[in-house]
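# Residue-level structural notes
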Amino acid sequence: MINKDSSVKWLKTGLAILLVWLQPFSSSMAQELFMEGKVSTQYKERDMTISVDGNHLLYSIHSYNDDARMIVEMKQNEASWSEPTVVSFSGNYKDIEPMFSPDGTRLYFASDRPMHEGDESKDYNIWYASKMSRGWGEPIALDTMINTEGEEFFPSVSNAGTLYFTATRSDTKGKEDIYYSKLTNGKYTKPVSLDSAINSMTYEFNSFIDPEEKYLIFSSYKRSDGFGGGDLYISYQKEGKWQPAINLGDKINSSKLDYCPFVSRDGKTFYFTSSRKENMKAKTVSELRELMSLPRNGFDDIYYISMDQLPK
């Protein structure tokens, strides 16, 4: 005679084992919040970068109205991550978009800090800080070949030292373009706006360059194939020529702003920022406050997905 209670218990145990077995695969099939409750919270978090060894991550936290923007860092010791702390050079100005160089010796970022004494322009320029044995060196601004009276954002550097960044300049193809500048004899060459495979008559911004320059992931706004508030795209380089950009699709993009791409050094995980939100319907004040105290409340959060899910 079959014991009903034993059968139910066996079924529950079997289902639990099956769910555990399937869990590693589920993370590769859809985007998930990154470090929910620790990195992705009810506040505005974006612009993430991770060191080569994977044990040091930085991102920016913003106030709700963006009056305050600062870069914070976390370090991993054994199996746990430290609490986020403001990096030594940040906190006084609006610092955003940290990005490690491929070798991990420099941290590039964008900031509205003054370029020189008496500078009151408040435009964004590109800076870097050298990674020291303990902490960071003093930030250094890139020269005026890169930093102009316009805006320069989201630096990303290849193994060859080529700098890719967003800028608003007189020769842009649209509202904002993605530029690149080669490093020759320690100096940056005149920046060039990428061709129409990437830049268009609309907005292109926030590009991540593969260290070997095999692909470029970036955001664009108001394209005909977009999902709404700004989408992530990828362009592959073949025989020295960038191929027409491909929308990353609805596994990654949403009707809200999706931007700030980053790929882990091993090339296996794709991270990005999104302002997407869950259903915010509430019937009571306490329900609404509870929803607003969680991530996915309409402010920026950081997500991740397997690189296998990106279109080829």
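The notes below deal with the structure included here. The structure presented is a predicted model; accordingly, all values stated were derived computationally and were not measured.

To continue, consider the pairing of strand β18 (residues 215-221). Along β18, six of the seven residues are buried, which leaves the element largely enclosed by surrounding structure. Across five bridges, strand β17 (residues 203-209) lies against β18 in antiparallel orientation. Looking at β18, one finds that Y203 is bridged to Y221. Connecting β17 to the next strand, β18, in antiparallel fashion are five residues, including E213 with a positive phi near 60°.

Time to look at the layout of surface pockets. The calculated volume of the largest pocket comes to roughly 230 Å³. Lining the largest pocket are 20 residues, with F208, P211, F262, V263 and R265 sitting closest to its centre. Contributing elements (two or more residues each) for the lining of the largest pocket: β2 (44-50), β7 (95-100), β11 (152-157), β17 and β22 (258-263). Looking at side-chain class alone, the lining of the largest pocket contains 12 nonpolar, six polar and two charged residues.

Let's shift gears to the packing of aromatic side chains. The geometry of an aromatic ring pair is captured by the separation of the ring centres together with the interplanar angle, meaning the angle of the planes. Per the counting criterion, the structure on display carries 19 aromatic pairs. Measuring from centroid to centroid gives 5.6 Å for F270 and F272, while their planes differ by 20°, and the two rings are stacked. Look at F272 and you get buried, because its relative accessible area is 1%. Every member of this aromatic cluster is reached through a ring pair, and the members are F34, F208, F262, Y271 and Y304. Sitting above the plane of the Y179 ring, R169 keeps its charged end 5.5 Å from the centroid. We note R223 situated over the ring of Y233; from NZ or CZ to the ring centre the distance is 4.8 Å.

Here T273 is to be found in strand β23 (residues 269-274). Of the residues examined, T273 reaches a relative accessible area of 0% and is grouped as buried. Residues T273 and D300, 27 residues apart in the sequence, show an inter-C-alpha distance of 6.4 Å. In this view, T273 contacts E45, R46, D47, L257, D258, Y259, C260, D300, D301 and I302; residues no more than four positions away in its chain are not counted. Polar contacts involving the side chain of T273 include one to the main-chain amide nitrogen of D47, which spans 3.4 Å.

About the cut-offs
- All residue numbers refer to position in the chain's written sequence, counted from 1.
- Restriction of local features to residues with pLDDT of at least 70 applies here, the model being predicted, together with a cutoff of 80 or more for giving and counting side-chain atom pairs; totals for whole chains, interfaces and linings are based on all residues.
- Remark: hydrogens and water are excluded; side-chain values derive from all non-hydrogen atoms of the structure.
- A 1.4 Å probe rolled over the protein chains alone gives each residue an accessible area, and that area as a share of the maximum for its type sets the label: buried under 20%, exposed over 50%, partly exposed in between.
- Strands here are runs of E lasting at least two residues and helices are runs of H or I lasting at least four, both read from the DSSP assignment and numbered beginning at the N terminus.
- Two strands make a pair as long as DSSP finds a minimum of two bridges between them.
- A cavity here means a set of 1 Å grid points, computed over protein atoms only, where a 1.4 Å probe fits but cannot escape. A pocket is an open set with protein on both sides within 12 Å along at least 5 of 7 lines, and lining residues have an atom within 4 Å of a point.
- Grid points are joined across faces, edges and corners, and a volume is the space filled by probe spheres set on the points.
- Following the grouping adopted for this structure description, the nonpolar residues are Ala, Val, Leu, Ile, Met, Phe, Trp, Tyr, Cys and Pro, the charged ones are Asp, Glu, Lys and Arg, and the polar ones are all others, Gly among them.
- A pair of aromatic rings is counted whenever rings of Phe, Tyr or Trp (Trp by its six-membered ring) have centres within 6.5 Å, and the orientation is called stacked for planes under 30 degrees apart, edge-to-face for over 60 and tilted otherwise.
- Throughout this description, the term charge over a ring refers to an Arg CZ or Lys NZ atom that lies within 6 Å of the ring centre and within 35 degrees of the ring normal.
- Here, two residues are considered to be in contact whenever any of their heavy atoms come within 4.5 Å of each other.
- Two N or O atoms form a polar contact when they lie within 3.5 Å of each other; inside protein one atom must be a possible hydrogen donor and the other a possible acceptor, and for residues adjacent in sequence the pair counts only when both atoms belong to side chains.

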